[in-house]
Protein chains: 2
Amino acid sequence: MWVCGALCRTRAPAQLGQRLLPESRRRRPASASFSASAEPSRVRALVYGHHGDPAKVVELKNLELAAVGGSDVHVKMLAAPINPSDINMIQGNYGLLPQLPAVGGNEGVGQVVAVGSGVTGVKPGDWVIPANPGLGTWRTEAVFGEEELITVPSDIPLQSAATLGVNPCTAYRMLVDFERLRPGDSIIQNASNSGVGQAVIQIAAARGLRTINVLRDRPDLQKLTDRLKNLGANHVVTEEELRKPEMKSFFKDVPQPRLALNCVGKSSTELLRHLAPGGTMVTYGGMAKQPVIASVSQLIFKDLKLRGFWLSQWKKDHSPDQFKELILTLCDLIRRGQLTAPACSEVPLQDYLCALEASTQPFVSSKQILTM
Amino acid sequence: MWVCGALCRTRAPAQLGQRLLPESRRRRPASASFSASAEPSRVRALVYGHHGDPAKVVELKNLELAAVGGSDVHVKMLAAPINPSDINMIQGNYGLLPQLPAVGGNEGVGQVVAVGSGVTGVKPGDWVIPANPGLGTWRTEAVFGEEELITVPSDIPLQSAATLGVNPCTAYRMLVDFERLRPGDSIIQNASNSGVGQAVIQIAAARGLRTINVLRDRPDLQKLTDRLKNLGANHVVTEEELRKPEMKSFFKDVPQPRLALNCVGKSSTELLRHLAPGGTMVTYGGMAKQPVIASVSQLIFKDLKLRGFWLSQWKKDHSPDQFKELILTLCDLIRRGQLTAPACSEVPLQDYLCALEASTQPFVSSKQILTM
């Protein structure tokens, strides 16, 4: 139930966003824990009432905190990133859309302030992250249901905790679930500088896999190449280089990848071309808004497999305990120094417009993280 | 060893076709069992010395039969079809190309005339079909190695035996190996009137699966629709109908297919659109020479899987006994009347030009079978 006074008046009765979704994917409003009030509010949140350009539809609003019921958890948000999927969700281009109006943000870390009498798994002081997308993390405080949260160890860096629940999880599952890779095997990916891309480089390196990382040509290419290599990237090539015949000699020294990870669309043609026979290309995003194109002979004679990955679907298909296990596996990598947060720019919540703009610009190499 | 006199003189030293293939896919010449002779030959064969338009490069030649060695089998060919893959192989557009010159044809049935002293699994009178592609079946007689042949029961119709080893095998494997389908589930396919398409209809019906069969619009549509329904097709729709919004109501009564079989390319977009979430599209041919295009959201949010199937690869990955088991399973269906040969036009070997032409025309609804 969405009950904050000012926003209720602007809610579209038809809840347009929901029409795009099958019944099973609808969920209750992201901010069900707010109560109506005409009083001045102490909670600030980034709210959108309809889909569109984030810079135009997102507004900083004051909301009042709901009372903490028996199974509720009062959380003070600490930091929340702006991910491409957050932007797509606001634009209405996502496989899961919340009822509107909604608080933006699907990821982030908060600290528990207080818990209801029936809460057993979380206590004040704990760090928590969303169990599922659609929670609305771009706000200073909230009251959530216990089942909407999972705890994370508070001995990892704040930026790592804030960016743990989506991109590293996606990277890990794609590296593990599609091809049985062994140390020494190679994988190829585009969008290598994205949050997922950086996590792929690090998790692959920790597992002894070689990464071939494709980047669009850009002004700061050398600097970025150095940074990715510092993370553990074995090879960094531009899209242009990938198209050249010289790549043939490259693959004399490097085993042809059995797994390709695609988040761009455009350069997926080249990823497919360099995949080993029987290999799999997993698409997890579509930054260039272009479809994936495979030749008939690649499918038939080369036996290439085209798949997609969506962490939300993975969570639906797996138990909360399996998700918690995944989080703990990643925390182990963080503690061992094998997985760091992507390069981040921390931006105070009230400067959200700058952060939204920066996160939709091409070639911005750092993730925008809202701090509360 | 390719040793027939006239052809040896025209063999290109570089064996161009082989350059396109990885070492593992190269095989010995399709007609290794012929011996050189300047005498008039009693074996007639359809031979091509270079790749190109089949009507231009294929010639009827006289060859002499080799002596029958210890592990050899002398076979009199009875009937051999012209399949799309035969045409592609002659054109040079196939994943497996024989050394040139080569005898055309990859499928067919012959009767054993005599066997070498070391042959144990085949005896005179048996019917045999090729164990692998590239045998060169468009000829009146040949001496093959025992391992190049497998026996088939001779109590099935000749046309069924001649067309058993490629299309029904492809249809069966695609229906069984990609999605776990249960009676009542539906599948969708294009090129429904092809050899594979007709086998899919019948094998699916025998397994209690509902088929949605897509055809290009054509002059004799009603007649063809009736014929496919007689084979067991549940639904026949044209490509144009498939694109219409009315198809939504169609899927109120028919379960969305979890498996799509694509041999066209062009209408694969519509197949993907109608697939159930999590479903698989298997591409096994590319009649329209167009790539397969999938949207990023179909891959990610709908979790569609794009795969390919090539029977030659399946055979490489499985034992000869597994192939024999598959053949016997199909023979059981034939004996029960659940699997018939596609509509065939029998054409004497010397009239091969008419048969080649007919087999490359659009909308020719019967398979050309060469008889010897």
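Refer to the structure presented above.
Quick summary incoming for the structure in this document.

Reading the values: the criteria
- Residues numbered from 1 in each chain as written.
- Chains lettered and ligands numbered in written order.
- Predicted model: local features only at pLDDT ≥ 70, side-chain atom pairs only at ≥ 80, totals over all residues.
- Heavy atoms only, no water.
- Pairing = 2+ DSSP bridges.
- Helix = DSSP H or I, 4+ residues; strand = E, 2+ residues; numbered from the N terminus.
- Expected span 1.5 Å × (residues − 1).
- Buried < 20%, exposed > 50% of the residue type's maximum accessible area, 1.4 Å probe, protein only.
- Arc of directions from axis to C-beta.
- Contact = heavy atoms within 4.5 Å.
- Buried area = accessible area lost by both parts, 1.4 Å probe.
- Salt bridge = Lys/Arg side-chain N within 4 Å of Asp/Glu carboxyl O.
- Polar contact = N/O pair within 3.5 Å; in protein donor to acceptor, adjacent residues only side chain to side chain.
- Nonpolar A, V, L, I, M, F, W, Y, C, P; charged D, E, K, R; others polar.

Okay, the pairing of strand E5 (residues 109-115) of chain B next. Residue and element names in this part refer to chain B. Pairing of strand E3 (residues 72-81) with E5, which is carried by six bridges, proceeds in the antiparallel orientation. When the bridges of E5 are listed, Lys76 appears paired with Gln111. Inspection of the sheet shows E5 paired to strand E6 (residues 127-130) by two bridges, in the antiparallel sense. From the neighbouring strand, Gly110 faces E6, where its bridge partner is Val128.

What follows deals with helix H14 (residues 320-335) of chain A. Working note: α-helix, 3.6 residues per turn, so residues spaced by three or four point in the same direction. Residue and element names in this part refer to chain A. In this model, H14 (16 residues) spans 22 Å end to end at C-alpha, consistent with the 22 Å of a helix rising 1.5 Å per residue. For H14, the full list of buried residues reads Phe323, Leu326, Ile327, Leu330, Cys331, Leu333 and Ile334. Each buried residue of H14 sits inside an arc of 155° when the element is viewed along its axis, so together they form one side. Within H14, the exposed residues directed more than 90 degrees away from the buried face are Asp321 and Glu325. Where H14 is buried, its residues touch strand E6 (127-130), strand E8 (149-152), helix H5 (158-162), helix H6 (167-177), helix H7 (195-206) and helix H13 (311-317). The positive-phi residue at the C-terminal boundary of H14 is Gly337, with phi of around 80°.

Let us look at the interface of chain A and chain B. Accessible area lost on assembly of the parts is the figure often given for the size of an interface. Listed as interface residues are 25 residues of chain A and, on the opposing side, 25 residues of chain B. Summed over both sides, the interface of chain A with chain B buries roughly 2,200 Å², with 68% coming from carbon and sulfur. Between the two partners, chain A and chain B, sit zero salt bridges. Applying the counting criterion to the chain A and chain B interface returns three residue pairs in polar contact (both at pLDDT 80 or more). Listing elements by their share of the side of chain A that touches chain B, those giving two or more residues are strand E14 (292-294), helix H12 (296-300) and strand E15 (305-308) of chain A. The biggest single contributor to the side of chain A that touches chain B is E15 of chain A, with four residues. For the side of chain A that touches chain B, the residue count by class is 14 nonpolar, seven polar and four charged. When E14 of chain A meets strand E14 (residues 292-294) of chain B, the two strands line up antiparallel, connected through three bridges.

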